[in-house]
Amino acid sequence: MSGFSITEPSNRMKWIAGVLVVAYALITIMPLLWIIATGFKSPSDSIAYPPKVMFQPTLEGYVNLFTTQTRITPDMQDTLQPPQTWYEEIVRDKGMVIAGPSRFGQRFLNSVIIGFGSTFFSVFLGTLAAYAFSRFKVPIKDDLLFFILSTRMMPPIAVAIPIFLMFRQLGLSDTHLGMILLYTAVNLSLSVWLLKGFIDEIPLEYEEAALIDGYTRFQAFYKVVLPQAATGIASTAIFCLIFAWNEYAFAVLLTSGTAQTAPPFIPTIIGVGGQDWPAVAAGATIFLMPVMIFTILLRKHLLRGITFGAVRK
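Now for a description of the structure that goes with this document. (Residues numbered from 1 in each chain as written. Predicted model: local features only at pLDDT ≥ 70, side-chain atom pairs only at ≥ 80, totals over all residues. Heavy atoms only, no water.)

### Digging into the overall build of the protein
Just so we agree on the cut-off: Secondary structure is summarised from DSSP: a helix means a run of H or I of at least four residues, a strand means a run of E of at least two, and numbering begins at the N terminus for each. To get the radius of gyration, use the C-alpha atoms; to get the globule rule, take the number of residues to the power 0.38 and multiply by 2.2 Å. The buried label goes to any residue with under 20% of its type's maximum accessible area, the exposed label to any with over 50%, and the partly exposed label to all in between, with areas taken from a 1.4 Å probe on protein chains only. Residues count as neighbours in contact if any of their non-hydrogen atoms are within 4.5 Å of one another. Where accessible areas are quoted, they stem from the Shrake-Rupley method and a 1.4 Å probe; at the residue level, only the protein chains shown are allowed to cover. We treat Lys and Arg as the positive residues and Asp and Glu as the negative residues; His and chain ends play no part in the count. Note that the charge is assigned to NZ on lysines, CZ on arginines, CG on aspartates and CD on glutamates.
The number of helices and strands found in the protein is 16 helices and 4 strands. In terms of overall size, the protein is more extended than a compact globule, its C-alpha atoms giving a radius of gyration of 26 Å where 313 residues would be expected to give roughly 20 Å. On the principal axes, the C-alpha backbone points of the protein span a range of 85 × 65 × 40 Å. When the 313 residues of the protein are sorted by exposure, 35% land in the buried category. Looking at the protein alone, contacts between residues at least 24 apart form 74% of all its contacts between residues at least 6 apart. Accessible surface, the protein: about 18900 Å² in total, of which carbon and sulfur atoms supply 69%. Taken together, the 22 basic and 19 acidic charged side chains of the protein have centroids lying 7 Å from each other.

Now the structure itself:
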């Protein structure tokens, strides 16, 4: 019986594969680049047809995003002092003055608090639950794991009305605590299942050796299991943060002011005469940054997690 041999791809095949990868990357990143570019366009350039690829960049969209503006008459403008800053000059050129800061900063801060807060609790509780399912004889373990997984089988909006009524009764509507608890509950099933797979791959002999050396169960978990599961924890944290950061339906239904996050707020940005697309694009660009930075910082763990790079026996 002849054996199988693995042949090295030819230079032509490598070149074709490289071209396909680059083309795919350009196609997928094009919408993101267009959003970023729109943030630096003027309102007229952002809605020009055909769309403008070459344009005069301006920071008007970012100024409109972070400020509330009021229109003044030419007579009133003549009585004002000259603009003191570059952004005041941009506003004055439109015949307006800055009345104060916009609500975007607070909405962005709400996203940070709720997104990272729920991610922390999802990963923390998920790690403990996954360790228990992996290492201990839990009664009806398979049924419990299936029940946890079943919470992801229906779209979250399907339970929106019961959650809305429950939050109203408990006084959790439009609160940071309510949204953190909700996103934690939704992400917990994903966290448990992902982390259980990683912890299952960590050899039990490591913990047994630590226990023989005099470690307590908690010390063995903290000093042996957690460092080995760091890859899975980082990967799980990224997926949990992406869901909590981008979630829209619950944020629209359960928040209106105090705890409203950025996703429901950005589409409501209105400029003079209609939607202020440069400000919307600027808000979307800034909103992308925390998750992008978080993912880049943990990219090595994410790649290892996707390829399941935990410790193997």
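Moving on from the coordinates now.
### Comments concerning the nonpolar core
Note that soluble globular proteins tend to have their nonpolar side chains buried in a common cluster. This is how it is decided: Side-chain atoms within 4.5 Å link the members of a nonpolar core, which is a set of buried Ala, Val, Leu, Ile, Met, Phe, Trp, Tyr and Cys residues.
Counting 19 residues, the largest nonpolar core has Leu 65, Phe 104, Trp 245, Ile 266 and Ile 269 as the members making the most contacts within it. Ranked by the residues each element gives to this core, the list is headed by helix α15 (residues 277–297), at 6 residues. Leaving out residues up to four positions away in the same chain, Ile 266 has contacts with Phe 104, Gln 275, Val 280, Gly 283, Ala 284 and Phe 287. One finds Ile 163, Leu 172, Ala 244 and Phe 250 within the second-largest nonpolar core, a separate group that totals 15 residues.

### Some points on the layout of surface pockets
Here is the rule: Grid spacing is 1 Å over the protein atoms alone, the probe is 1.4 Å, and a cavity is where that probe fits but cannot get out, while a pocket is an open set with protein on both sides within 12 Å along at least five of seven lines and lining residues have an atom within 4 Å of a point. Grid points are joined across faces, edges and corners, and a volume is the space filled by probe spheres set on the points. Note on residue classes: Ala, Val, Leu, Ile, Met, Phe, Trp, Tyr, Cys and Pro are nonpolar, Asp, Glu, Lys and Arg are charged, and everything else, Gly too, is polar.
Looking at the second largest pocket, its volume works out to about 310 Å³. Lining of the second largest pocket is provided by 16 residues; of these, Thr 151, Val 159, Ile 163, Ala 185 and Val 186 occupy positions nearest its centre. Listing elements by their share of the lining of the second largest pocket, those giving two or more residues are α8 (160–170) and α9 (176–200). Partitioned by chemical class, the residues of the lining of the second largest pocket number 13 nonpolar, 2 polar and 1 charged.

### Brief notes about unusual backbone geometry
Between Tyr 49 and the following residue, Pro 50, the backbone shows a cis peptide bond with an omega angle of 0°. Along the polypeptide, Pro 50 turns up in the loop between α2 (43–46) and α3 (60–66). Although it is not a glycine, Ile 140 adopts a positive phi angle of roughly 45°. Position of Ile 140 relative to the elements: it lies in the loop between α6 (104–135) and α7 (141–150). Here Ile 140 falls in the exposed class, since its relative accessible area comes to 57%.

### Focus on the packing of aromatic side chains
To keep it simple, the criterion reads: Centres within 6.5 Å make a pair out of two Phe, Tyr or Trp rings, where for Trp the six-membered ring is used; the pair is then stacked when the planes are under 30 degrees apart, edge-to-face when over 60, and tilted otherwise. Lysine NZ or arginine CZ positioned within 6 Å of the ring centre and within 35 degrees of the ring normal marks a charge as sitting over the ring.
As enumerated under the stated definition, the model contains 15 aromatic pairs in all. Summarising the aromatic geometry, the rings of Phe 120 and Phe 121 are spaced 5.3 Å apart at their centres and angled 75° between planes, so their arrangement reads as edge-to-face. What makes Phe 120 exposed here is its relative accessible area of 51%. Between Tyr 131 and Phe 136 the ring centres are 5.8 Å apart and the planes differ by 90°, which places this aromatic pair in the edge-to-face class. For the cation-ring pair, Lys 223 lies above Tyr 215, with the distance from its terminal atom to the ring centre recorded as 5.3 Å.

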